[in-house]
Number of protein chains: 2
Amino acid sequence: MGATPAWPPRSTPRLFVDEPLAPGARRIEGPQAHYLLSVMRAKPGDPVRLFDDATGEWLATVAATAKRDLTLDVTERLAPREPVPDLWLCFAPLKKGPIDWLAEKACELGAARLVPVVTRRTVVETPKLDRLRATMIEAAEQCGRTALPELAETVKLPALLRDWPADRALFFADELGGLPAAEAMRTHPGPAAILIGPEGGFDDAERESIRALPAAVGIDLGPRILRAETAAAAALAIWMAGAGDWR
Amino acid sequence: MGATPAWPPRSTPRLFVDEPLAPGARRIEGPQAHYLLSVMRAKPGDPVRLFDDATGEWLATVAATAKRDLTLDVTERLAPREPVPDLWLCFAPLKKGPIDWLAEKACELGAARLVPVVTRRTVVETPKLDRLRATMIEAAEQCGRTALPELAETVKLPALLRDWPADRALFFADELGGLPAAEAMRTHPGPAAILIGPEGGFDDAERESIRALPAAVGIDLGPRILRAETAAAAALAIWMAGAGDWR
């Protein structure tokens, strides 16, 4: 909930565009044009904020509108692309609804990378990555991010662990007990990841294989049984507050 | 995600009942009977876990089933009513969807009391308290709570501040900057509350009146603009991890 500058106003539409931005004319078509013209009722002279996940965020002004597209005049760069805290979220795909919510919240809370991980008890083996990406883009437009979270290809747990980078702490909610989450995250600075299992939890062999990873750090998220998406959001927030950019 | 005992099995249905529990026969009717009979296919001899928000959690066994109701034999108390961390969540009511999600997550994360607060920019002035209570009961059944969060009557912000208990820290996301959330919560132990404004934020006069409260502590939830329900869940998790029962 950061402070917002007087100009452009808080209500200014904010859109992600998939090609690098630069000063000059930019044509907007398709759903984004529909959004600006029909939902936001954009008129010539109206401000629009654009970001491209590469050069940062830019101020643009509506130059001309047509029935199905409009032209923006990109003028001034408002901010460079942000530095993103180096936190990954590795999660067993959930069913539609919870997984969309998780992607939205992970983006808002500041995750750098999302990695869908298939485990033995995972119910959804092939998450719809396109929908997750669209959800994260919407969340980024809303929360002011100038960098999109990276969305990795779905991977099986054994492969994730086999190729795990030694220098990246892997925090996982250990049902058999772990360090208090805040303490564990404060005392393991540097690159990190949070691994969240499916609703049914990891099976014994999976838990052992995670524990066997030198980078693995079992954490305790309290006495209540958290839904997978709740555990993910809680762990992301605790990491951001203790080791990320909320300090 | 606490460890679960071998008996009753993890899959055992868990239900809140609105009258105090004691050993002996207990008749179950209505939606809960439908859930046990039609959804869980309960048969005589099957275990059921019951809690009453008063005496704790009990183990029961299905004694007899009929078409629309069943009789349980309440046998052994599995746990006393839990001590609940003394954290309130005061929040500007949100529209259906986000507010239900917020009630569910606040229960899972361990809030003791929810207080709907109407502010100048609040869009929903009369939240459906019955629906919120039902949502919290479902969340309590799922997350293993033996104590339900209390749901207060909706109050206007000036009344909330006027009657504020002096010994209860009031953490609020201050858009003009505050202490890092984890540090603020760690260094203000004791009874606490989190105050989350509407999507539009508090207006200047409201923010001044909150700041003027001696118990108020402005917190910083990072550089991204969080949705109200995201800010609430993040603040609840950070408090639980730093000052609650996740330590």
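Sequence order sets the numbering: in each chain, residues are counted from 1 along the sequence as written. Written order decides the labels, with chains lettered from A and ligands numbered from 1. Thresholds applied to this predicted model are a pLDDT of at least 70 for local features of residues and 80 or more for the giving and counting of side-chain atom pairs; totals over whole chains, interfaces and linings are not thresholded and use all residues. With hydrogens and water stripped out, all remaining heavy atoms of the structure feed into the side-chain values.

(A) Broad picture of the domain arrangement of chain A. Residues and elements named next belong to chain A. What the domain assignment lists for chain A is domain 1 (14-79) and domain 2 (87-242). The straight-line distance from the C-alpha centre of domain 1 to that of domain 2 is 34 Å. Listed per partner, the contact involves nine residues of domain 1 and nine residues of domain 2. Values labelled buried area give the accessible surface lost by two parts on being combined, using a 1.4 Å probe and summing over both. For the pair domain 1 and domain 2, the summed buried area comes to about 720 Å², and 55% of that belongs to carbon and sulfur atoms. Think of a salt bridge as a Lys or Arg side-chain nitrogen and an Asp or Glu carboxyl oxygen that are within 4 Å of each other. Viewed at the interface, domain 2 and domain 1 are joined by one salt bridge. In this structure, D18 and R133 form a salt bridge, with 3.8 Å as the shortest nitrogen-oxygen distance. Under the rule applied, a polar contact is a pair of N or O atoms within 3.5 Å (in protein, one hydrogen donor and one hydrogen acceptor; residues adjacent in sequence only if both atoms are side-chain atoms). In this structure, the connection of domain 1 to domain 2 is made through six residue pairs in polar contact (both at pLDDT 80 or more). Secondary structure elements are defined from DSSP: runs of H or I of at least 4 residues count as helices, runs of E of at least 2 residues count as strands, and each element is numbered from the N terminus. For the side of domain 1 that touches domain 2, the element with the most residues is strand β1 (residues 14-16), which contributes three residues. Ten residue types, Ala, Val, Leu, Ile, Met, Phe, Trp, Tyr, Cys and Pro, are classed as nonpolar, four, Asp, Glu, Lys and Arg, as charged, and the remainder, Gly among them, as polar. Here the side of domain 1 that touches domain 2 is composed, by residue class, of three nonpolar, two polar and four charged. Domain extents, as shown, originate in an automatic or database domain assignment. Note on contacts: a residue pair is in contact if any heavy atoms of the two residues lie within 4.5 Å.

(B) Fine view of the sheet that holds strand β4 (residues 57-65) of chain A. All names here are of chain A. At least two bridges found by DSSP between two strands are what make those strands a pair. Read across the open sheet, the five strands follow the order β1-β3-β4-β5-β2; overall the sheet is mixed. Strands with a single pairing partner mark the edges of an open sheet, and in this sheet they are β1 and β2 (24-28). Between one strand axis and the next, the sheet turns by 40 degrees as a mean value, whatever way the strands run. Relative to β4, strand β3 (residues 47-51) is paired through five bridges, and the arrangement is antiparallel. When the sheet's bridge partners are listed, R49 is paired in β4 with L59. Where helices are involved, their axes are fitted lines through C-alpha atoms of the stretch in contact, as for all axes, and angles between N-to-C directions lie from 0 to 180°. Along the sheet face, helix α1 (residues 30-39) touches β1, β2, β3, β4 and β5 (70-79) and points at about 175 degrees away from the line of β1. Packing against the sheet, helix α3 (residues 129-143) makes contact with β1 and β3, and its axis sits at approximately 145 degrees to β1.

(C) Representation of the pairing of β3(A). All names here are of chain A. Burial classes follow relative accessibility: with a 1.4 Å probe on protein chains only, a residue under 20% of its type's maximum area counts as buried, one over 50% as exposed, and anything between as partly exposed. Counting buried residues in β3 gives five out of five residues, a clear majority hidden from the surface. Here β3 shows no split at all, with P47, R49 and F51 on one side and V48 and L50 on the other all buried. Turn length for the β3-β4 hairpin, with the two strands adjacent in sequence and antiparallel, is five residues, and the turn residue D53 shows positive phi of about 65 degrees.

(D) Representation of the interface of chain A and chain B in the model. Contact residues are listed per partner, giving 44 residues for chain A and 45 residues for chain B. Buried surface at the junction of chain A and chain B, summed over both partners, amounts to about 4200 Å²; 55% is from carbon and sulfur atoms. For the pair chain A and chain B, the number of links is ten salt bridges. Across the pair R227(A) and E104(B) runs a salt bridge, and its minimum N-O distance is 3.3 Å. At the junction of chain A and chain B, the tally comes to 19 residue pairs in polar contact (both at pLDDT 80 or more). Those elements giving two or more residues to the side of chain A that touches chain B turn out to be α2 (98-109), α3, α5 (181-186) and α7 (228-242) of chain A. Of the residues forming the side of chain A that touches chain B, the biggest block, nine residues, is contributed by α7(A). Partitioning the side of chain A that touches chain B into residue classes produces 23 nonpolar, six polar and 15 charged.

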